[in-house]
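Commentary on secondary and tertiary structure
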Amino acid sequence: EAAESSNEKLAVYSQQIDPYNERRISLLGELRHAIESDQLQLYFQPQISLKTNKVEGAEVLIRWIHPEYGFIPPDEFIPLAERTGVIHALTYWICRHAFQIKSSLTRQGFDIALSINISARNLQDAEFSQKIQLLADEENISLQDIVMELTETAVMTDPDHALKMMSELNEAGIRLSIDDFGTGYSSLSYLKRLPVNEIKIDRSFVMDMATSGDDQLLVRTTLSMGHNLSLVVVAEGIEDAPTLDLLKAMGCDLAQGYHIARPMPVDAFYKWLGDYVAVLPDIDTDSSGSA
Ligand code: C2E
Ligand code: MG
Ligand code: MG
Ligand code: MG
């Protein structure tokens, strides 16, 4: 009887359309249109130096405000974009808009870097680096202040090809960062062979480090190995003051997380930058201010 009723359930289930699946299929078809219309927005989350307190940069995070579904998290639509190949158009759209913002930040006197997330599939475009340089020329920005974040998995899927692509980007002036560090299988000694400038310790280790000895040890070890390889180490996902203080004491370079600021739209970001400078004194002793 139990088997019969579960078969029945199965039959009913297969006749219905899985609402999540339905949404996924509809999103798949709409993403290209969303890029061309006004549904996508860039958000910015500041990164501050734990040595000087200065704002060093911001991570660019994509948001999709869908007319029917509302806010759709990137964790949901980026994988779709990757599977369909829309990720190429999407990443160029993101870069063009981020470069425009970068140019406007410079005009407003904010000398900060922008970090852009890049998918593994972007590296499959043999002309990726050339296209990025063209976009930078069009927006009249220098690639010295652009960081590209790649996950360990993106790099390790095809390491030889990744090395070639990363070298091209690096030669163009772009700094490269390994995102979500600690969640993949790459070793730091392997990373040493790649033109990597920075690692971002995954937020899953940072979030509990003030209370978890294991996580704290992992962060400490990553920091010391990263510094031995002359890498900039960023901690993401800092949600409270104790974690921030701990990372500062450990010698972590850059900090990002809700405790400092949430990701925000560009106008709020400009305002935040203005307010931040006004509130926190510049403790960089190199600048005398008599220029
Ligand atoms: P990610 O690159 O590791 O980005 C960091 C994520 O952590 C962001 O989520 C950010 O909002 C979130 N976050 C920042 N501080 C905190 C914190 O203190 N606590 C917690 N709990 N979370 C924090 P978001 O914006 O939802 O993005 C999720 C992922 O989607 C990103 O992870 C990245 O893998 C991907 N993504 C976002 N924007 C883009 C993009 O423009 N292009 C590509 N290819 N992927 C993107
Ligand atoms: Mg990232
Ligand atoms: Mg990350
Ligand atoms: Mg992630």
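Description of the structure in this document. Every chain is numbered on its own, with residues counted from 1 as its sequence reads. For this description, chains carry letters from A and ligands carry numbers from 1, given in the order in which they are written. Local features in this predicted model are restricted to residues whose pLDDT is 70 or higher, and side-chain atom pairs enter the listing and the counts only when it is 80 or higher, whereas totals over whole chains, interfaces and linings include all residues. Note: side-chain values were computed over all heavy atoms of the structure, leaving out hydrogens and water.

**Points about the pairing of strand 7 (residues 198-201)**
- In this scheme, a residue with accessible area under 20% of its type's maximum is buried, one over 50% is exposed, and one in between is partly exposed, where area comes from a 1.4 Å probe on protein chains only. Each helix corresponds to a stretch of at least 4 residues labelled H or I by DSSP, and each strand to a stretch of at least 2 residues labelled E; elements are numbered beginning at the N terminus. Burial along strand 7 is two-sided: Glu198 and Lys200 facing one way and Ile199 and Ile201 facing the other are all buried.
- Criterion used throughout: strands pair if DSSP finds at least two bridges between them. By the bridge criterion, 3 bridges tie strand 6 (residues 175-181) to strand 7 in an arrangement that is parallel. Along strand 7, the bridge assignment pairs Ser177 with Glu198.
- The sheet contact formed by strand 7 and strand 8 (residues 232-235) spans 4 bridges and is parallel. Note that in strand 8 the partner of Ile199 across the bridge is Val233.

**A closer look at the packing of aromatic side chains**
- Here the aromatic set is Phe, Tyr and Trp, taking the six-membered ring for Trp, and pairing holds for ring centres within 6.5 Å; pairs whose planes are under 30 degrees apart are stacked, those over 60 apart are edge-to-face, and all others are tilted. All chains considered together, the criterion is met by 4 aromatic pairs.
- Ring geometry for Phe44 against Phe269: centres 5.3 Å apart, planes inclined by 10°, an arrangement best described as stacked. Here the residue Phe44 occupies a position in strand 1 (residues 40-49), and Phe269 occupies one in helix 12 (residues 266-279), the gap between them amounting to 225 residues.
- A residue is classified by how much of its surface remains accessible, and Phe269, at 0% relative accessible area, is buried.
- Plain terms: the ring middles of Tyr92 and Phe128 are 5.8 Å apart, the flat faces sit at 40° to each other, and that makes the pair tilted. Within this pair, whereas Tyr92 is found in helix 4 (residues 87-107), its partner Phe128 is found in helix 5 (residues 128-139), the two being separated by 36 residues in sequence. In this structure, Tyr92 and Phe128 share a single accessibility class: buried.
- Placement of a charge over a ring requires the Lys NZ or Arg CZ to be within 6 Å of the ring centre, with the centre-to-atom vector within 35 degrees of the ring normal. Directly above the aromatic system of Tyr43 lies the positively charged group of Arg63, at a separation of 5.3 Å from the ring centroid.
- Over the ring of Tyr258 we find Arg262, and its NZ or CZ is 3.9 Å from the ring centre.

**Topic: the coordination of the magnesium ion (ligand 3)**
- Keep in mind that water is not among the atoms, so a site may look incomplete; donors are the N, O and S atoms within 2.8 Å of the metal, or 3.2 Å for Na, K and Ca. On the protein side, the magnesium ion (ligand 3) has Asp179 (OD), Asp180 (OD), Glu236 (OE) and Glu236 (OE) as donor atoms, found 2.1 to 2.6 Å from it.
- Each donor residue of the magnesium ion (ligand 3) lies on the same chain, and together they follow the pattern D-D-x55-E.
- For Asp180, a relative accessible area of 25% corresponds to the partly exposed category.

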